[in-house]
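Structural overview
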Amino acid sequence: METDLSVDAEALAAENARLRERVDELERERAELVARTSRLVADAEERTYWLERWQLDLNALMRRPGAAQFRALLRAARWPMRQAKLLARRIRGGA
Amino acid sequence: MSSTSVVIPVKDGAVWLAEVLRAVAREAPDELLVIDSGSRDDSPAIARAAGAELLEIPPAQFGHGRTRNLGTARTSGEIVCFLTQDATPEPGWLAAYREAFALDERVGAAFGPHLPRPGTSPMIARELTEFFAGFSPDGAPAIQRSAGEGGWHPGFLSNANAAYRRTVLERIGFRDVPYAEDQAFAQDLFAAGGWKAYHPGAAVLHAHDFPWAQFMRRYFDEYRGLRDTTGHIEPIGVRSTLGAVRTEVARDRAYLHEQGAGGPERLAWTARSAAHHGGRRVFSALGSRADRLPEPARRALSLEGRGDGAGTPVPAAPALTHVSPRRPRELFAEILDAETHGIVPLEDPVPGAADRTPLHVAIVIPPFRRGSGGHDTIFRVFREIERLGHTVTVWLDDPENHQPQRAAVIRDEIREWFAPLEAPVFKGFGDWFGADVALATGWQTVHPVLQLGATRARAYFVQDHEPEFYATAAEHRWAAQTYGYGLHAICASPWLADIVRERYGGSASVFQLGADETVYHPLDVPRRRDTIVFYGRAVTARRAVPLGLLALAELKRRRPETRVVIYGDPIPNDTSFPYEHAGVASQEQLAHLYSEATVGLCLSMTNYSRVPNEMLACGLPCVDLEGYSAESVYGADGPVELSAFSPSALADHMERLMDDEALWERRSREGIAFVARHTWRAAAEEVEAGLREALRLRERAAAASR
């Protein structure tokens, strides 16, 4: 049985081209992922500079005894502080 | 439970060997090794029949220390026990040794008592019983912590029945001495900070009861060995000997009485006791003084027939100080890693990767300090690489922890001291996630880069020929070897690239250094006609500062009115001429200096530095050396005056620039134009081409190997 080799060659070339496009697409995705990851890490390093400078582990600090009570105290103090700010703003605005 | 090996050196030991080996088997050690040194009786057959591993060595090879070291090397137990061929372990012997070493990890050696065999003469039986009872009056295991500890026989340790911690034995080892290798070991153990233990449960039946003459010859050899290894000289005197003999005989008689011996038996032993103890005193003293005896006499008195000059004292070993590990890994351990584990293979290349943007370039840097010129170049170039659209990550290779700060702080330092790099910083490679190109930036970073996986290509940012930074040293060889690992070298001058290709057979591309045009440009300050500015950082040998100072001295001799300004080192150079010292100046201050001076002098015997570019950028013609890298960068008749390696020639070139206005103008103009073409951006584009070339080379290599 004769085989139409030209059709096979065309199909192979098309498949080749499709695979190359797919590789290019994956490469772009990979490069974008690496770039995004690097940016994330760089941003995190930027934000945590002072914590790192002082070698402060906030998570460990918040696990220590009294941390939960301290956070509750901060939350409790939030309402009067907010009221004081509003009052100050009103006074300044009034002045 | 610690594993145990038992080693027994044997020669013609058939009398007791079978009994000894049965007793050892009962104790169930992990290994049993018999080392036979030329027995003519059935000792080898007895050892085989008992299932021991048998090692036969020529008699001439035997040495008390040497052969026991061999036994140690041929076994693997954590505790190594030694017996002689006539020392039969009592039940519980091995368990007692395990207990002894469990007392404290500093116990390096242990021994147990020798019990007299039935029928042993009372002199020997009493001596053994009293001697070993003294180590543990309460019958419990005891530890001796130093050679001088009170209540202990200073150096007693007998390989007739002793055990050792393998790690200590391998570190210290028995001295290769004819006798008393065990006592010498005890000395060495204490000197190294180790301890010795006694366990009454680690007992053996062992008593040498020989004919009188044999006993005396043994004492002669024993005390000769003691003199050689410990320096002990047995005292002797008529009155003291008679007194000692009388005392010992009385004690023997008392011992016999305690053992239930009747009067006639005690009487019968009295004369033998006197002969034994008297003879022992005499022959021990003779052994201590064997070096004074004629050689035939030594041979006749020695049980082993040794007439050699081994009576000459062997010098003691130096006092050893034990040093505990002070670092988790050896310096340059990555070099050993590369040898042991090999180079981590690169990933299979992806076609077209070399031409894609962005690439992920992971730069591996050594530790840095503020002002590091090499790091400044790296970060300036890679800030531009980021601007070309690529992703850069920074990996600090700092095994010695010179920079203990955390990564975020290090990133901030890079951005503040060098260039506003966007890249994240990682300390070490614990978070390594791969790269298109992993880039080594100094010879010490090459070996770590070779161990990084998930990498498509490796490259080498070469700013100088680093082997030349070292004299004949391991670092010189290791630095040179880094050019041969197949990393594509991106070199900071054609001169460097030629070296990599021609000397090391590597592949190389070139980039050229830039200058910060925002800082270095001609400032609006009056240009002087009498001033030489010299980069005089003497601590950097390749800057040829002594040559520069000689040239300046010659110039000052010719033109005393010449003003010389030297900078680069906080400490002024000692010179024979007056000059002005600028110390370590800021870039802005240097730009001012370059803008007002007449001629710059900056010498480099390896790769050129950034200083000539910075001088040229300020319109300052400068003088450097021919035959090195500056010629490959600036050309033979380019913006930089190139001089022979001679103080007179250097002075000639400086003088010419000071006198020839047309020449000065040309050099100044060419210098400004040169630097305008060689920006950091241009350098980054050249480096980018080198990174892509590294990926292409990898593709070609992979295709060629298919």
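Our focus in this paragraph is the overall build of chain B. Along its length, chain B carries 24 helices and 24 strands. Sequence separation of at least 24 residues holds for 73% of the intrachain contacts in chain B that already meet a minimum separation of 6.

Let us look at the pairing of strand β1 (residues 4-10) of chain B. For a regular strand, side chains alternate in direction, first toward one face of the sheet and then toward the other. Residues and elements named next belong to chain B. Counted residue by residue, β1 has seven buried out of seven residues, so it is predominantly covered. Going residue by residue along β1, you find Thr4, Val6, Ile8 and Val10 tucked away on one face and Ser5, Val7 and Pro9 tucked away on the opposite face as well. Inspection of the sheet shows β1 paired to strand β4 (residues 79-83) by four bridges, in the parallel sense. Across the sheet, Val7 pairs through a bridge with Phe82, a residue of β4. Taken together, the six bridges between β1 and strand β2 (residues 31-36) define a ladder with parallel strand orientation. Paired with Val10 across the two strands is Asp36, which belongs to β2. A crossover links β1 with its parallel partner β2, the connecting element being helix α1 (residues 14-27), and its sense is right-handed.

All names here are of chain B. Burial within strand β15 (residues 435-440) is extensive, with six of its six residues counted as buried. Looking at chain direction, strand β12 (residues 360-365) and β15 are connected through four bridges and run parallel. Its bridge partner lying in β15, Val364 is registered against Ala440. The pairing of β15 with strand β16 (residues 455-462) spans five bridges and is classified as parallel. In the strand pairing of β16, Ala440 is matched with Tyr460. Traced from β15 through helix α15 (residues 443-450) to β16, the parallel crossover comes out right-handed.

Per-residue pLDDT for chain B averages 92, and the proportion of residues at 70 or more is 98%. With pTM at 0.63, the complex prediction returns an ipTM value of 0.77.

The next subject is the sheet that holds β12(B). Residues and elements named next belong to chain B. Pairing is parallel in the open sheet, where seven strands are placed in the order β14-β13-β12-β15-β16-β17-β18. Among the strands making up the open sheet, the edge pair consists of β14 (425-427) and β18 (508-510). For this sheet the average axis-to-axis angle between neighbouring strands, irrespective of direction, equals 25°. For strand β13 (residues 391-396) and β14, the ladder comprises three bridges, and the chain directions are parallel. Paired with Val394 across the strands is Val425, a residue of β14. Across the sheet, helix α13 (residues 373-387) lies against β12, β13 and β16, angled at about 170° from β12, the strand it touches most. Here helix α14 (residues 407-417) sits on the sheet and contacts β13 and β14; the angle it forms with β14, its principal contact strand, is near 130°.

A separate point is the interface of chain A and chain B. Counting from both sides, the interface comprises 14 residues of chain A and, opposite them, 17 residues of chain B. Elements represented by at least two residues in the side of chain A that touches chain B include exactly α1 (5-47) and α2 (49-53) of chain A. A total of nine residues in the side of chain A that touches chain B trace back to one element, the largest contributor, which is α1(A). Tallied by class, residues from the side of chain A that touches chain B come to seven nonpolar, three polar and four charged.

On to helix α8 (residues 212-230) of chain B, then. All names here are of chain B. Between its first and last C-alpha, α8 extends 26 Å over 19 residues, near the 27 Å set by a 1.5 Å rise per residue. Across the 19 residues of α8, 14 count as buried, placing the element largely inside the fold. Remark: Gly231 follows α8 within two positions and exhibits a positive phi of approximately 80°.

With that settled, the discussion passes to the sheet that holds strand β24 (residues 640-643) of chain B. All names here are of chain B. Strand order in the open sheet formed by six strands is β21-β20-β19-β22-β23-β24, and the pairing between neighbours is parallel. Edge strands, defined here as strands with exactly one partner in the open sheet, are β21 (580-583) and β24. For this sheet the average axis-to-axis angle between neighbouring strands, irrespective of direction, equals 25°. Examined bridge by bridge, strand β19 (residues 531-535) and strand β22 (residues 599-601) share three bridges and lie parallel to one another. Pairing of Phe534 across the sheet is with Leu601, part of β22. Relative to β19, helix α19 (residues 587-596) is tilted by about 140°, and along the sheet it contacts β19, β20 (563-567), β21 and β22.

Residue and element names in this part refer to chain B. Grouped together as the largest cluster of nonpolar side chains are 115 residues, with contacts concentrated most on Ile363 and Val437. At seven residues, the largest contribution of residues to this core is made by helix α24 (residues 680-705). Aside from chain neighbours lying at most four places away, what touches Val437 is Leu359, Val361, Arg456, Ala457, Ala459, Leu691, Ala694 and Leu695. Grouped together as the second largest cluster of nonpolar side chains are 66 residues, Val7, Val10, Leu17 and Tyr219 included.

Residue and element names in this part refer to chain B. One way to put it is that helix α9 (residues 238-258) packs onto helix α10 (residues 263-288) with a least axis distance of 9 Å and a crossing angle of 145°. Crossing of α9 over α10 shows right-handed handedness. Facing Thr241, Ala244, Val245, Glu248, Val249, Asp252, Arg253, Leu256 and His257 of α9, the residues of α10 in contact are Glu265, Arg266, Trp269, Thr270, Ser273, Ala274, His277, Gly278 and Arg281.

Omega for the bond connecting B:Thr357 with B:Pro358 falls within 30 degrees of zero, at 5°, which places this linkage in the cis form. The residue B:Pro358 is located in the loop between α12 (333-341) and β12 in this model. Residue A:Gln55 is not a glycine yet carries a positive backbone phi of 55°. Along the chain, A:Gln55 falls in the loop between α2 and α3 (58-63). Taking the number of C-beta atoms within 10 Å as the measure of exposure, A:Gln55 has 10 and is therefore exposed. Its identity is not glycine, yet B:Ala28 carries a phi of approximately 55°, on the positive side. C-beta crowding within 10 Å serves as the criterion here: with 10 such atoms nearby, B:Ala28 is assigned to the exposed category.

The rules we used
- Residues numbered from 1 in each chain as written.
- Chains lettered and ligands numbered in written order.
- Predicted model: local features only at pLDDT ≥ 70, side-chain atom pairs only at ≥ 80, totals over all residues.
- Helix = DSSP H or I, 4+ residues; strand = E, 2+ residues; numbered from the N terminus.
- Contact = placed C-beta atoms within 7 Å.
- Buried ≥ 20, exposed ≤ 12 C-beta atoms within 10 Å, placed from the backbone.
- Pairing = 2+ DSSP bridges.
- Right-handed = clockwise from strand over helix to strand, strands pointing away.
- pLDDT = per-residue confidence, 0-100.
- Axes fitted to C-alpha atoms, helices over the stretch in contact; angles between N-to-C directions.
- Nonpolar A, V, L, I, M, F, W, Y, C, P; charged D, E, K, R; others polar.
- Expected span 1.5 Å × (residues − 1).
- Core = buried A, V, L, I, M, F, W, Y, C linked by C-beta atoms within 7 Å.
- Left-handed = near helix turned anticlockwise from the far one by under 90°.

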